[in-house]
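Spelled out from the first residue to the last, the chains are:
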Amino acid sequence: MQLNTDTRPSLYTIMRLRHSVHFFLLGMVVGLSLSWLIYLGLASIWFGNHLTGNLGRTDVASVTPWLAPIVWEGTFDATLIDSIYKQQNITIATTVFALGKYTRFLKDFLESAEEHYFIGFRVHYYLFTDQPEAIPNVKLGQERYLTVKKIPSLNRWQDISMGRMDILEKLIENELAKEKVDYIFCLDVDTKFYGRWGVESLGHLVGVIHPWFFDVPRFIFTYEHRPESQAYIPAGVGDYYYTAAAFGGSLKDVHHLTKTCREQLNIDAANSIEAVWHEESHLNKYFLYNKPSKLLSPEYLWRDISMSVGQVKIIRFSHVAKNNAEVRPNL
Ligand SMILES: CC(=O)N[C@H]1[C@@H](OP(=O)(O)OP(=O)(O)OC[C@H]2O[C@@H](n3ccc(=O)[nH]c3=O)[C@H](O)[C@@H]2O)O[C@H](CO)[C@H](O)[C@@H]1O
Ligand SMILES: [Mn+2]
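Reading the values: rules and limits
Residues numbered from 1 in each chain as written. Chains lettered and ligands numbered in written order. Predicted model: local features only at pLDDT ≥ 70, side-chain atom pairs only at ≥ 80, totals over all residues. UniProt positions renumbered as here; feature names shortened; annotations may be inferred. Helix = DSSP H or I, 4+ residues; strand = E, 2+ residues; numbered from the N terminus. Buried ≥ 20, exposed ≤ 12 C-beta atoms within 10 Å, placed from the backbone. Contact = placed C-beta atoms within 7 Å. Core = buried A, V, L, I, M, F, W, Y, C linked by C-beta atoms within 7 Å. Near = placed C-beta within 6 Å. Nonpolar A, V, L, I, M, F, W, Y, C, P; charged D, E, K, R; others polar. Pairing = 2+ DSSP bridges. Axes fitted to C-alpha atoms, helices over the stretch in contact; angles between N-to-C directions. Parallel < 35°, antiparallel > 145°, perpendicular 65-115°, else oblique. Left-handed = near helix turned anticlockwise from the far one by under 90°.

Per an unreviewed UniProt entry, the protein goes by the name Globoside alpha-1,3-N-acetylgalactosaminyltransferase 1-like and belongs to Cirrhinus molitorella. In the Sequence similarities (unreviewed entry) part of its UniProt record, the protein is described as follows: "Belongs to the glycosyltransferase 6 family."

Draft legend 1. The arrangement of the environment of M162 in detail. Structurally, the position occupied by M162 is in helix 4 (residues 157–174). The exposure class assigned to M162 is buried, which follows from the 24 C-beta atoms found within 10 Å. Between the alpha carbons of M162 and Y232 there is a distance of 16 Å; along the sequence they are 70 residues apart. For M162, the residues in contact, after removing those within four places along its chain, are L265, H278 and E279.

Draft legend 2. Inspection of the nonpolar core at higher detail. Counting 65 residues, the largest nonpolar core has V96, A98, I184, V208 and A246 as its most contacted members. With residues near it in sequence (within four places) discarded, V96 still touches F109, Y125, L127, L187 and V189.

Draft legend 3. The arrangement of the site of ligand 1 in detail. The full set close to ligand 1 counts 22 residues, and Y102, D188, A244, A245 and E280 are the nearest of them. Of all the elements in the fold, those that place two or more residues in the shell around ligand 1 are strand 2 (91–98), helix 4, strand 8 (242–250) and helix 6 (279–289). For the shell around ligand 1, the per-class residue count stands at 11 nonpolar, six polar and five charged.

Draft legend 4. Just the pairing of strand 7 (residues 205–209), in detail. With five of five residues buried, strand 7 lies mostly within the body of the structure. By the alternation rule, side chains of strand 7 split into L205, G207 and I209 and V206 and V208, which are all buried. In this structure, strand 7 lies alongside strand 8, joined through four bridges in antiparallel fashion. In the sheet register, L205 faces strand 8, and the bridge partner there is G249.

Draft legend 5. Seen up close, the UniProt feature "binding site: UDP-N-acetyl-alpha-D-galactosamine" (unreviewed entry) in the protein. The UniProt record marks Y102, D188, V189 and D190 with the feature "binding site: UDP-N-acetyl-alpha-D-galactosamine" (unreviewed entry), using the residue numbering of this structure. Sequence-wise these annotated residues cover 89 residues; spatially they are packed, their C-alpha atoms never more than 10.0 Å apart. By secondary structure assignment, the location of Y102 is in the loop between strand 2 and helix 3 (106–116). Beyond its immediate sequence surroundings of up to four residues, Y102 is in contact with V189, D190 and V327. Mapped onto the secondary structure, V189 falls in the loop between strand 5 (183–187) and strand 6 (191–193). You can call V189 buried: it has 23 C-beta atoms within 10 Å. When neighbours within four sequence positions are excluded, V189 is seen to be in contact with V96, F97, A98, Y102, F105, L106 and F109.

Draft legend 6. Highlighting the sheet that holds strand 7. If you trace the eight strands from one edge of the open sheet to the other, you get 1-9-7-8-5-2-3-4, paired in mixed fashion. Because the sheet does not close on itself, it has two edges, and the strands there are strand 1 (70–71) and strand 4 (144–150). Of the strands in this sheet, strand 2, strand 3 (122–129) and strand 5 touch helix 4, which is tilted by about 145° from strand 2. Contacting strand 7 and strand 8, helix 6 crosses the sheet at an angle of about 50° to strand 8.

Draft legend 7. Quick look at helix 3. Those residues of helix 3 not exposed but buried are F109, L110, S112 and A113. Lining the buried residues of helix 3 we find strand 2 and strand 6. Where helix 3 ends, the next residue or the one after it, F118, has phi of about 45°, a positive value.

Draft legend 8. Geometry of the packing of helix 4 against helix 5 (residues 251–270). The interhelical angle for the contact between helix 4 and helix 5, taken along N-to-C directions, is 140°, at an axis separation of 8 Å. Here helix 4 is positioned oblique relative to helix 5, judged by the angle of their axes. Crossing handedness for the pair helix 4 and helix 5: left-handed. The segment helix 4 lies against helix 5, with M162, M165, D166, L168, E169, I172 and E173 engaging L251, V254, H255, T258, K259, C261, R262 and L265.

Shown next, in the form of structure tokens:
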């Protein structure tokens, strides 16, 4: 009997083994490729999120010491923030006063607002004037409304400017509170929009840093320093210097602001004292003790379109050059 002592693997076995190895290697390659693709996918989501989180500026402060954001270009994602507010069906009331010769600013103000201001959102302008017939016919976009309110003019521009607090307080109380209004902004009319002013600006109480005082030390701020005035701020105190040409927030907060400033202005008037920068001084006092929940950088009220500084990468809203002696009723 002959035993089969040939222990060498048959050709067939070798072929099968090689096949398995090939299969194994192929599996490895496919597996690794898949893992790599999954890794890349996850990484892009991960780093994508981090990129959003990395928005920010190193050349300016974008948060206050009480952790309120200061809105500068490069600190927010406009598309993302629009999509968040789009779900909320909000209305933004916007007040503007144009008395005497200031009606001439209305055309540019309204036309430029229709191009840049809360585009895609419901805006209701409330326009106070002594000459409704002088209001230009500006075509408003969809879901944009304008209500004109006739009010008497006053002899002093300071009284017109300060008188806004009282009128705004009453507007909120008597009208806006009953309507579906979520936010309100109160703006000067001798201004024009040049870039996006959108929902990134919304908050409970919103102040705009004055364009002449955003990069100077506190002792330069033109707060009211006479203790006799209700707008008094002691030396060495204060966070920022805010402009009165633009402020806003929720109806409730802006009502409290306008009511408080109106009361303080009345006490000053009764004591025959007028704060150095009128209602702006009172607004600064208010913001010192009622901190804004959001601050807007001077991009949201620049000095004049022709002036540039490195920190201001985009001018969204700006005062227009005007000859005060010519447009105001008094000096
Ligand atoms: C950049 C900035 O911080 N601006 C403030 C500054 O002066 P401004 O020089 O910007 O004051 P202004 O002459 O623009 O007056 C304020 C606003 O009152 C209205 N108005 C005034 C006069 C007139 O005859 N008709 C009329 O409609 C108009 O809406 C105007 O925009 O100081 C004012 C009060 O001291 C206000 O605090 C302004 O917000
Ligand atoms: Mn002004």
